[in-house]
Amino acid sequence: ATILDIHHQKMKSSILRKSKSKGKGKSKGKGGNKKKSRGKVNDNSNAKNKDFKIHITMNDINAQVLVKDILVLILSHRIATLVPNLKDFQALCDNNEAFLLTCVIYYATLAYAMPSAIYDKLQSLMKEIFLDSTCKSFCEKYPWLYIDEHHWPAFQKIASFWADTAKYDPPLSSTKGILNHLTPRDPFSDTTIDLSRFEAMGLPPSQMEQIRQMDASRNMRDKMAKDDMDNLLESYRDMSTWPDSFKQAASENCREGASDEELIEFGIDTVKHQFEIEGGHENKDNPSKSKTAMVLDKKFLFAIHTLLPPQQFANLPALKRDATLARDIYEEDDPEVKGRTSSSSLTKVLQKYREHIHSQWKVNPVQSDPDYRAYKRGVDERDDAFIIEEFCGMFFHPGIQKTLFVGNDNWTGVFHYWTFFQIVAIFYVNTGKAISNLVADGNLTMEVSYGSVLDLGKYIHTNASKRLNAGLPSSFSRMMLSNVPDYVGLLSTFTQLSPLLAKDSMVMPSTLRSNVLLNTGIFNSYDEYVSGTLAMTAEQSARLLRLRVLEEKPDVWNHWNRWGVDERPAQKNPIAFVEFKTWLHRLYMMCVLPPPRDITSSVAERRPNTVGLFLNTCKYCIDLGYPVHWITTILDQLLSSSYSNPLTTKALIANQSPSTAMVSKKPKRYNLSAFRLELENQLSLFMQNGLLPDTILSMTNVPVASEKMYHLKIKEMEYLARTGMKVQNLFNIGFLLQKETDDGYKKKEENPFLAMMIDAPTSQHGSKSLRYDLLRQGNRVGHLFSCAGYNAVTNVISFCMCEAIFEEYRDYFLSIVTTDSWHCVNHPAIRLGEASIIA
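Keep in mind that this is a model prediction, so the values were computed, not measured.

Colleague: Explain the overall build of the chain to me, please; I cannot follow it from the model alone.
Modeller: Along its length, the chain carries 38 helices and 20 strands. Within the span of the chain, comprising 839 residues, buried residues form 51% of the whole. Accessible area for the chain stands at about 40,000 Å²; split by element, carbon and sulfur atoms hold 51% of it.

Next comes the structure, spelled out in structure tokens:
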């Protein structure tokens with residue numbers, strides 16, 4: 001996640017003064033004055049201004065990613081400092097240190113192996129930047145980079161592995177071994193989905209059908225793109241539609257006295273050739289996908305599974321052998337016939353280079369997270385390695401190209417006369433120049449934050465005064481979250497991060513942006529995605545949560561869906577208690593009774609809602625101004641639900657995933673007693689930590705007892721980690737407390753590999769339906785707890801519980817439950833009382 005604050009106090013003040021002075025006594029003149037004041041902003045934006053500040057906070061839950069980001073930022077800045085007046089690519093290559101730093105970025109961030117000299121440089125940089133520095137000395141050396149001291153050890157840990165790869169346990173693979181795990185696509189073949197490859201994997205019928213639909217959709221899209229191009233070319237047969245400039249160009253480039261038919265064929269060939277250069281209609285936004293773009297780079301990557309060295313390796317003595325082999329490859333490239341080099345001679349050169357790389361190059365440690373490698377027991381994962389197309393599509397898109405090549409109308413052809421190294425280098429050089437310019441004026445601060453973005457929201461909110469003293473913002477203009485909500489849910493995102501959005505200013509309205517990248521195709525609408533964790537539609541969110549989606553047509557396929565704070569819908573149409581109550585009832589039932597999903601399918605909706613999140617949402621609603629007695633009334637209804645006193649509500653339980661928020665015309669009755677104990681436990685914890693008003697305590701009569709954090713080792717449950725159980729399922733780990741164990745809720749397949757291949761809900765394997773019985777029989781079946789942490793490596797479950805509840809139920813049997821497949825996991829019988837207190 002990246003959150004951004006742009007602050008320009010002086011410019012905002014001048015805008016206000018200008019509006020006020022010109023708008024005196026002219027109530028209808030505000031529109032014109034606003035327009036003029038905006039022009040003033042544009043006039044001043046190019047001038048140096050000490051009051052203009054950009055603060056960027058980069059957050060990730062993976063320390064490895066952030067250490068890589070820090071490395072790239074520092075190296076880009078250094079390169080720009082070493083070559084301050086860069087006018088062309090050759091100037092970079094003439095400075096050996098700047099060129100070597102660029103090579104480090106090139107291989108460390110994009111490849112799985114690198115030349116020994118570059119590897120040695122990487123190790124020395126890790127020692128200098130991280131290991132030989134304290135957090136304080138680092139921040140003093142790079143005052144534009146801010147890192148909190150409690151994050152520094154995590155960054156040093158990663159750097160220590162990269163500086164000394166012998167520390168990896170299990171050890172890193174050999175260069176040959178790691179490269180053989182890459183499967184780059186043949187850049188010169190028309191690739192389609194290989195259905196037989198998926199069938200051989202034994203995927204269940206439902207997943208095979210989804211793959212077939214994807215294949216059909218892709219083929220249709222390719223056909224449409226081809227049809228579009230054919231129609232365009234056909235239209236050029238009518239010369240009357242040609243622009244005068246095109247007619248003149250055709251006349252000048254054809255033979256003298258050419259017939260109209262010859263001119264037409266020339267014109268069609270010209271347009272077709274331009275299509276090929278720009279990557280065709282289907283690749284118009286990423287011309288690097290064209291079969292004529294960066295041909296040698298793609299051939300080298302396909303043959304050897306790493307990146308083609310730049311010709312300028314010859315400038316560095318330590319890279320002499322690589323330079324010689326690279327020169328032979330470049331000499332095989334025929335500039336007149338791009339993409340059609342002699343296959344036999346080029347194959348021989350590539351084979352010679354492959355042997356050299358396997359024996360002399362080093363594995364790139366930057367691609368290996370030591371913790372994740374330990375978790376995977378040293379198994380290298382497959383990678384399609386679409387390195388060239390992905391980098392160019394994400395970081396070198398048309399907007400950036402036009403900026404870099406101002407005045408050059410042929411910027412789309414850069415992919416055909418530049419190497420991939422040149423493109424990567426020019427991008428990071430310009431990144432460094434941007435940083436240098438902002439740093440020189442004191443206008444940039446970049447904060448690096450390690451951990452959950454939700455924890456970051458809490459930290460910023462509770463340490464606002466501390467951050468103010470340190471010159472750091474506590475509210476932000478932009479939050480770019482990528483697809484973080486795919487994992488943590490939109491509800492968690494809104495409750496924890498929306499309070500950090502700055503109040504809209506005349507300079508920049510504040511927005512929270514996110515997209516949908518995980519299993520996007522399973523959602524029929526954006527409302528289905530929103531309802532998955534919010535239990536409401538996007539339109540309802542504007543009224544209930546004061547957050548409105550700003551897109552005219554929100555869609556799961558949008559590049560971004562923007563959200564902003566908006567008080568107007570609730571002010572125009574105030575929320576009635578019945579509507580608010582129905583929504584919270586629906587949200588609570590979604591938390592405790594999520595719809596069943598196929599545990600064998602990786603294509604499934606994630607629903608990381610818990611009772612703790614439900615109570616946090618209640619707190620958020622109180623902060624929004626909802627009456628406290630509304631919340632207490634609803635909590636009292638949920639706490640009193642039992643077999644004899646079911647909850648009566650118009651809210652409907654979602655029984656399929658994904659689904660939209662639904663309301664019944666007639667009230668329904670639900671026995672929610674199986675979930676009451678956890679609600680009491682969580683509510684006590686919230687009260688004890690001052691997270692909810694004291695008035696709730698007096699109205700709900702929930703005892704506030706001391707809390708403890710417990711952990712419990714579950715033996716013989718390794719298959720959760722070993723069968724490839726997706727991380728998404730670990731979000732749905734809870735536990736069930738029962739007086740007596742009931743094996744009827746366990747899956748009957750003893751072989752977990754067999755279970756992964758069966759495409760049917762758990763209840764169809766002969767096991768009883770835990771979800772159905774909990775709803776029908778309530779706490780007669782047991783007490784379900786959704787708030788639990790699970791360590792897939794150590795098989796340890798952890799939870800926070802009031803001591804009074806723990807002591808009362810210590811003799812109950814504890815069974816691990818997955819609330820996506822709704823079954824109890826197979827493991828030996830264990831009692832709650834066997835859990836240990838975490839010191």
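Now that the structure has been shown, the text picks up again.
Colleague: Quick question: what am I supposed to make of the environment of Thr-324 here?
Modeller: Looking at where Thr-324 falls in the secondary structure, it is placed in helix α15 (residues 320–331). According to the relative accessible area criterion, Thr-324 is partly exposed, its value standing at 24%. Once the C-alpha coordinates of Thr-324 and Gln-311 are considered, the two residues, 13 residues apart in sequence, prove to be 9.0 Å apart.

Colleague: Whenever I open this one, the packing of helix α30 (residues 611–624) against helix α32 (residues 676–688) confuses me. Can you help?
Modeller: The relative placement of two packed helices comes down to the angle between their axes together with the axis-to-axis distance. With their axes 10 Å apart at the nearest point, α30 and α32 run at an angle of 50° to one another. Classified by the interaxial angle, the pair formed by α30 and α32 is oblique. Considering how the two elements wind past one another, α30 and α32 form a crossing that is right-handed. Here Val-611, Gly-612, Leu-615 and Asn-616 of α30 come into contact with α32, specifically with Glu-678, Leu-679, Gln-682, Leu-683 and Phe-686. Of the residues assigned to the contact of α30 with α32, the class counts are 5 nonpolar, 3 polar and 1 charged.

Colleague: Would you mind showing me how to read the nonpolar core here?
Modeller: What tends to happen in soluble globular proteins is that the nonpolar side chains get buried as a cluster. If you look at the biggest cluster of nonpolar residues, it comprises 99 residues, and the most contacted ones within it are Leu-145, Phe-155 and Phe-420. The biggest single contributor to this core is helix α5 (residues 96–110), with 11 residues. Excluding residues within four positions of it along the chain, Phe-420 makes contact with Tyr-106, Leu-110, Met-294, Asp-297, Leu-307, Ile-387, Ile-388, Phe-391 and Cys-392. Ala-538, Trp-563, Ile-622 and Leu-683 belong to the second largest nonpolar core, which has 81 residues in total.

Colleague: Quick question: what am I supposed to make of the pattern of salt bridges here?
Modeller: Scanning all chains against the criterion turns up 14 salt bridges. One salt bridge in this structure joins Lys-157 and Asp-371, with 3.0 Å as the shortest N-O distance. Here Lys-157 is found in helix α8 (residues 152–163), whereas its partner Asp-371 is found in helix α17 (residues 370–375), with 214 residues between them in sequence. One salt-bridge network, held together by shared partners, links Arg-78, Glu-128 and Lys-141.

Colleague: Explanation requested: the sheet that holds strand β19 (residues 823–824) in the structure shown.
Modeller: Whether parallel or antiparallel, the strands of a sheet pair through hydrogen bonds between backbone atoms. Read from one edge to the other, the open sheet built from 4 strands follows the order β15-β14-β18-β19, with strand pairing classed as antiparallel. Strand pairing shows two members of the sheet lacking a second neighbour, β15 (783–785) and β19, which therefore form its edges.

Colleague: Could you clarify how one ought to interpret the environment of Ile-634 in this entry?
Modeller: Within the secondary structure, Ile-634 sits in helix α31 (residues 628–639). Overall, the relative accessible area of 0% leaves Ile-634 in the buried class. Along the chain, Ile-634 and Phe-577 lie 57 residues apart, while their C-alpha atoms are 10.0 Å from each other. Setting aside residues up to four positions removed in sequence, Ile-634 forms contacts with Phe-577, Phe-580, Lys-581, Leu-584 and His-585.

Colleague: Could you clarify how one ought to interpret the sheet that holds strand β13 (residues 707–713) in this entry?
Modeller: Strand order in the open sheet formed by 4 strands is β16-β17-β13-β20, with antiparallel pairing between adjacent strands. With one partner strand each, in any of the chains shown, β16 (789–791) and β20 (836–837) form the two edges of the open sheet. Each of β13 and β17 (796–802) touches α32; the most contacted strand, β17, lies at about 70° to it.

Colleague: Would you take a moment to explain the pairing of β13 for this structure?
Modeller: Summarising the sheet, β13 and β17 pair through 7 bridges and their orientation is antiparallel. Note that in β17 the partner of Tyr-710 across the bridge is Phe-799. Bridge count between β13 and β20: 2 bridges; the pairing is antiparallel. Within β20, the position partnered with His-711 by the bridge is Ser-836.

Colleague: Would you take a moment to explain the confidence of the model for the chain for this structure?
Modeller: One rule of thumb: low pLDDT means the predicted coordinates there are not for detailed reading. Of the residues in the chain, 74% have a pLDDT of 70 or more, and the chain-wide mean is 78. Here residues 721–729 is modelled with pLDDT under 50, and outside its nearest four sequence neighbours on either side it reaches 17 contacts, counting other chains as well. Of the regions scoring below 50 in pLDDT, residues 749–766 engages in 33 contacts with residues more than four places distant in sequence or in other chains.

Colleague: Would you take a moment to explain the packing of aromatic side chains for this structure?
Modeller: For any pair of aromatic rings, the description consists of the separation of the ring centres together with the inter-plane angle of the planes. Summed over the entire model, instances satisfying the criterion amount to 33 aromatic pairs. Each ring, one from Phe-130 and one from Phe-138, has its centre 6.3 Å from the other, and the planes form 20°; the classification is stacked. According to the relative accessible area criterion, Phe-138 is buried, its value standing at 1%. Taken together, the ring pairs in this structure connect Phe-99, Tyr-106, Tyr-107, Phe-300, Phe-313, Tyr-353, Trp-361, Phe-391, Phe-420, Phe-421, Phe-427 and Tyr-428 into an aromatic cluster. Its end group placed over the ring of Phe-161, Lys-167 keeps NZ or CZ at 5.2 Å from the ring centre.

Colleague: What should I look at first to understand the environment of Tyr-529 in this one?
Modeller: Mapped onto the fold, Tyr-529 is located in helix α26 (residues 526–534). Apart from residues lying up to four places away in sequence, Tyr-529 is in contact with Pro-485, Asp-486, Leu-490, Asn-515, Val-516, Phe-523 and Val-556. A polar contact of 2.5 Å, which involves the side chain of Tyr-529, links it to the side chain of Asp-486.

Colleague: What exactly am I supposed to notice about helix α25 (residues 490–497) here?
Modeller: For an α-helix, the turn length of 3.6 residues means that residues three or four places apart are oriented alike. The buried fraction of α25 is high, at 8 of 8 residues. When we look at burial in α25, the residues that qualify are Leu-490, Leu-491, Ser-492, Thr-493, Phe-494, Thr-495, Gln-496 and Leu-497.

Colleague: What is the right way to look at the packing of helix α29 (residues 577–592) against α30 in this model?
Modeller: α30 packs onto α29 with a crossing angle of 155° between their chain directions and a minimal axis gap of 8 Å. By the angle between their directions, the pair α29 and α30 is classed as roughly antiparallel. In this structure, α29 meets α30 at a crossing whose hand is right-handed. Residues Phe-580, Trp-583, Leu-584, Leu-587, Tyr-588, Cys-591 and Val-592 of α29 form the contact with α30, whose own contacting residues are Val-611, Phe-614, Thr-617, Cys-618 and Cys-621. Within the contact of α29 with α30, the residues separate by chemical class into 11 nonpolar, 1 polar and no charged.

Colleague: What's the story with the side chain of Glu-528 in this structure? I'm lost.
Modeller: Among the secondary structure elements, Glu-528 is positioned in helix α26. A residue is classified by how much of its surface remains accessible, and Glu-528, at 11% relative accessible area, is buried. Contact partners of Glu-528, with chain neighbours within four places excluded, come to Ile-522, Phe-523, Glu-605, Pro-658, Ser-659 and Thr-660.

Colleague: Can you help me understand the side chain of Gln-422 in this one?
Modeller: By secondary structure assignment, the location of Gln-422 is in helix α21 (residues 420–440). Once you skip the residues sitting within four places of it in the chain, Gln-422 turns out to touch Phe-89 and Tyr-417.

Colleague: Sorry if this is basic, but what is going on with unusual backbone geometry here?
Modeller: If a residue is not glycine, its phi is most likely negative; likewise, a peptide bond is most likely trans. A cis amide bond links Asp-169 with the next residue in sequence, Pro-170, at an omega value of 0°. Considering the arrangement of structural elements, one finds Pro-170 in the loop between α8 and α9 (175–180). Even without being a glycine, His-305 presents a positive backbone phi close to 70°. One non-glycine residue, Arg-546, lies in positive phi territory at about 65°. Summarising the element assignment, Arg-546 is placed in the loop between α27 (538–544) and β9 (547–549). Under the relative-accessibility criterion, Arg-546 is labelled buried at 12%.

Colleague: Is there a simple way to think about the state of the cysteines in this case?
Modeller: A covalent bond between the sulfur atoms of two cysteines is referred to as a disulfide. Tallied over the entire structure, the rule returns 0 disulfides. The cysteine Cys-591 is free of any disulfide, with Cys-787 supplying the nearest cysteine sulfur at 8.7 Å. Overall, Cys-787 belongs to the buried group, its relative accessible area being 19%.

Definitions and limits used
- Residues numbered from 1 in each chain as written.
- Predicted model: local features only at pLDDT ≥ 70, side-chain atom pairs only at ≥ 80, totals over all residues.
- Heavy atoms only, no water.
- Helix = DSSP H or I, 4+ residues; strand = E, 2+ residues; numbered from the N terminus.
- Buried < 20%, exposed > 50% of the residue type's maximum accessible area, 1.4 Å probe, protein only.
- Areas by Shrake-Rupley, 256 points an atom, 1.4 Å probe, with all protein chains shown as cover.
- Axes fitted to C-alpha atoms, helices over the stretch in contact; angles between N-to-C directions.
- Parallel < 35°, antiparallel > 145°, perpendicular 65-115°, else oblique.
- Left-handed = near helix turned anticlockwise from the far one by under 90°.
- Contact = heavy atoms within 4.5 Å.
- Nonpolar A, V, L, I, M, F, W, Y, C, P; charged D, E, K, R; others polar.
- Core = buried A, V, L, I, M, F, W, Y, C linked by side-chain atoms within 4.5 Å.
- Salt bridge = Lys/Arg side-chain N within 4 Å of Asp/Glu carboxyl O.
- Pairing = 2+ DSSP bridges.
- pLDDT = per-residue confidence, 0-100.
- Phe/Tyr/Trp six-rings, centres within 6.5 Å; stacked < 30°, edge-to-face > 60°.
- Lys NZ or Arg CZ within 6 Å of the ring centre and 35° of its normal.
- Polar contact = N/O pair within 3.5 Å; in protein donor to acceptor, adjacent residues only side chain to side chain.
- Disulfide = S-S within 2.5 Å.

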